[in-house]
Amino acid sequence: MALLGCGGEMMDADAMADMALPEEAVGTTASAVETASDFRFRTANRYAGIHGYAAGYGNFHEANYGAGVVRGTILLKPGTVAHYLAVPRSSLGNTALSNIPELFRRAQDYGNAHGLGIALPAFEQGLNGSIVEYGIHFLHPSVVEFRDVPGWAIGYPDVTDAGAMMRAASDYASSNGFAAGLPTFHSAIYSGTRVYGMHLIRPGYADTRDVLADVLAMQDRFSSDAATVTGANWARTLRRHEAAQDAIQTCTHLTTLEKAALRSAYRKAIRHSGTNEAGINARAELGGDDVWINFGVLFPQGDTEIAQTLIHEMMHIAGYSHPDRRDGIDTPYDGGPYYNSAPLRAELCIAGFQSIHSTRESSREPQTR
């Protein structure tokens, strides 16, 4: 089985129909939407992996500061994870991924029984033959301090409410000098006081970052062809897509309608493949869901060029085309039909300039559905 851990490898998770859960809505703040809250753990963990962290999870806080919905994301630094294991689901009580409290409890029981450390489910699954396995991170005990936290200090959250418990753990940790917190989803009454078990991550072992909800969702929706896209190239592709999405929020070179269409394109399931076609950086289907990248040509040109190319191609996915570029006639910023088209104006969102590279694309770029 190939579970997606922080190394970035894709999991084999399409062999069973019950493995796919509905995604959460993104793009709007809707705290009541908890129908697939394991999605927040899974996408945050994948995000952590492509940014060089050992593991990650969402703290279930979200906000909109005027540039899109962001979600609080905890990123555990290298060295914090002692083990990442694929554990048979049967060893975890056959618990569904959507049952977050119970999976945390079962994973910790497994960790305790095998001396593995503090359990943090990755909410990934796959098949090992006919056996369903779940990915579980086990943190070094030295990274974590356990406390029984009195209910009055955290507002007596319901232990069956995953979002409320995650927010309570995060708030308590930050108020008491810790880097992050994880609930055990256990509660008890001692001497008349209800207490809640919490694992508190010590200072220096984790970073907290507000990440666009659409960027997190992309970790689940976007896919790559393993035969033509290496793990390293895929991680870099996702990071440059992230830069493009961040740039959309404040870009003044696209109209409101064009930006809305581009955001919608970024919410599609997009498949990425490699290509060796001469004379192009990348190409995409107009209004489609496939992108082909010439990694050997594009990636040596650097991160700015990569992000410009990707946002350009995503504008094609969004349905915007352009005429063929006329060599010796069309030049950046000329206001002409090529450089003033939506895909070319989108490039300005990245660094305030348009690419002059002839390898951007050729007149043979398919713009058909």
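The rules behind these values
- Residues numbered from 1 in each chain as written.
- Predicted model: local features only at pLDDT ≥ 70, side-chain atom pairs only at ≥ 80, totals over all residues.
- Heavy atoms only, no water.
- Helix = DSSP H or I, 4+ residues; strand = E, 2+ residues; numbered from the N terminus.
- Buried < 20%, exposed > 50% of the residue type's maximum accessible area, 1.4 Å probe, protein only.
- Areas by Shrake-Rupley, 256 points an atom, 1.4 Å probe, with all protein chains shown as cover.
- Phe/Tyr/Trp six-rings, centres within 6.5 Å; stacked < 30°, edge-to-face > 60°.
- Lys NZ or Arg CZ within 6 Å of the ring centre and 35° of its normal.
- pLDDT = per-residue confidence, 0-100.
- Contact = heavy atoms within 4.5 Å.
- Core = buried A, V, L, I, M, F, W, Y, C linked by side-chain atoms within 4.5 Å.
- Pairing = 2+ DSSP bridges.
- Axes fitted to C-alpha atoms, helices over the stretch in contact; angles between N-to-C directions.
- Left-handed = near helix turned anticlockwise from the far one by under 90°.
- Nonpolar A, V, L, I, M, F, W, Y, C, P; charged D, E, K, R; others polar.
- Disulfide = S-S within 2.5 Å.
- Salt bridge = Lys/Arg side-chain N within 4 Å of Asp/Glu carboxyl O.

Asks: Which parts of the structure should I look at to understand the overall build of the protein chain?
Replies: Helix and strand content of the protein chain: nine helices and 13 strands. The 369 residues of the protein chain split such that 54% are buried. Carbon and sulfur atoms make up 50% of the accessible area of the protein chain, which amounts to about 15,000 Å² in all.

Asks: Before we go on, may I ask you to explain the packing of aromatic side chains in this structure?
Replies: A complete count under the given rule lists nine aromatic pairs for this structure. Centroid distance Phe104 to Phe185: 5.2 Å. Interplanar angle 50 degrees. Geometry classified as tilted. Of the two residues, Phe104 sits in helix 2 (residues 100–113) while Phe185 sits in strand 7 (residues 180–190), which places them 81 residues apart along the sequence. Of the two residues examined, Phe104 and Phe185, each falls in the buried class. Aromatic rings pair up to connect Phe41, Phe60, Phe104, Phe123 and Phe185 into one cluster. Here Arg283 stacks its cationic end above the ring of Trp292, 4.2 Å away from the centre of that ring.

Asks: What am I meant to see in the confidence of the model for the protein chain here?
Replies: Detailed reading of the predicted coordinates is not advisable wherever pLDDT is low. Across the protein chain, pLDDT averages 87, with 86% of residues at or above 70. Across residues 25–35, where pLDDT falls below 50, the model places 26 contacts with residues more than four positions away in sequence or in other chains.

Asks: What's the story with the environment of Phe295 in this structure? I'm lost.
Replies: Looking at the element boundaries, Phe295 is found in helix 7 (residues 295–298). The class for Phe295 is buried, based on a relative accessible area of 10%. Expressed as a C-alpha distance, the spacing of Phe295 and Ala282, which sit 13 residues apart in the sequence, is 8.4 Å. Once residues lying within four places of it in the same chain are set aside, the contact partners of Phe295 are Thr228, Val229, Asn233, Thr237, Ser273, Gly274, Thr275 and Pro300.

Asks: Looking at this structure, how should I read the environment of Ala265?
Replies: Topologically, Ala265 is positioned in helix 6 (residues 256–266). Spatially, the C-alpha atoms of Ala265 and His316 are 9.0 Å apart, while their sequence positions differ by 51 residues. Dropping the residues within four chain positions of it, Ala265 is found in contact with Ile270, Met314, Ile317 and Ala318.

Asks: Any chance you could explain the nonpolar core here in plain terms?
Replies: Soluble globular proteins tend to pack their nonpolar side chains together in the buried interior. Ranked by size, the top nonpolar core spans 48 residues in total, and within it Tyr57 and Ile201 carry the most contacts. In terms of residue count, helix 3 (residues 162–175) provides more of this core than any other element does, seven residues in total. Ala244, Cys251, Ile270 and Ala342 belong to the second largest nonpolar core, which has 42 residues in total.

Asks: Looking at this model, I keep getting lost on the sheet that holds strand 13 (residues 290–293). Mind explaining?
Replies: Within a sheet, adjacent strands bond to each other through the backbone by hydrogen bonds, running parallel or antiparallel. Ordered by their spatial adjacency, four strands build an open sheet running 10-11-13-12, and the pairing between neighbours is mixed. Each end of this open sheet is capped by a strand with a single partner; those strands are strand 10 (223–224) and strand 12 (282–284). Across the sheet, helix 8 (residues 303–317) touches strand 12 and strand 13, and the angle it forms with strand 12 is around 15 degrees.

Asks: Please clarify how the packing of helix 8 against helix 9 (residues 342–351) should be interpreted in this entry.
Replies: When two helices pack together, their arrangement is given by the angle between the helix axes and by the axis-to-axis distance. At a closest axis distance of 8 Å, the pairing of helix 8 and helix 9 adopts a crossing angle of 145 degrees. Like other packed secondary-structure pairs, helix 8 and helix 9 cross with a definite hand, here right-handed. Packed against helix 8, whose contacting residues are Thr304, Ala307, Gln308, Ile311, His312, Met315 and His316, the element helix 9 presents Ala342, Pro343, Leu344, Ala346, Glu347, Cys349, Ile350 and Ala351 at the interface. Here the residues of the contact of helix 8 with helix 9 are counted per class, giving ten nonpolar, four polar and one charged.

Asks: Even after reading the chapter, I still don't get the state of the cysteines, so can you show me in this structure?
Replies: Here is the idea: a disulfide is a covalent bond, and it sits between the sulfur atoms of two cysteines. Tallying each qualifying case throughout the model produces one disulfide. Disulfide partner of Cys251: Cys349, at an S-S distance of 2.0 Å. One quick way to see it: the torsion about the S-S bond of Cys251 and Cys349 is about -65 degrees, and its sign makes the bridge left-handed. Here Cys251, found in the loop between helix 5 (231–248) and helix 6, pairs with Cys349, found in helix 9; they are 98 residues apart in sequence, far enough to count as distant.

Asks: Looking at this structure, how should I read the pattern of salt bridges?
Replies: Pairs may arise between side chains of opposite charge once their charged atoms sit close together. Inspection of the entire model under this criterion finds 18 salt bridges. Residues Arg106 and Glu102 are paired through a salt bridge, measuring 2.8 Å at the closest nitrogen-oxygen approach. With a gap of four residues between them, Arg106 and Glu102 both fall in helix 2, about one helical turn apart. We note a salt bridge from Arg325 to Asp327, for which the minimum N-O separation is 3.5 Å. By relative accessible area, which is 65% here, Asp327 ends up exposed. Look at the salt bridges and you will find they share partners, linking Asp38, Arg42, Arg46, Glu124 and Asp220 into a network.

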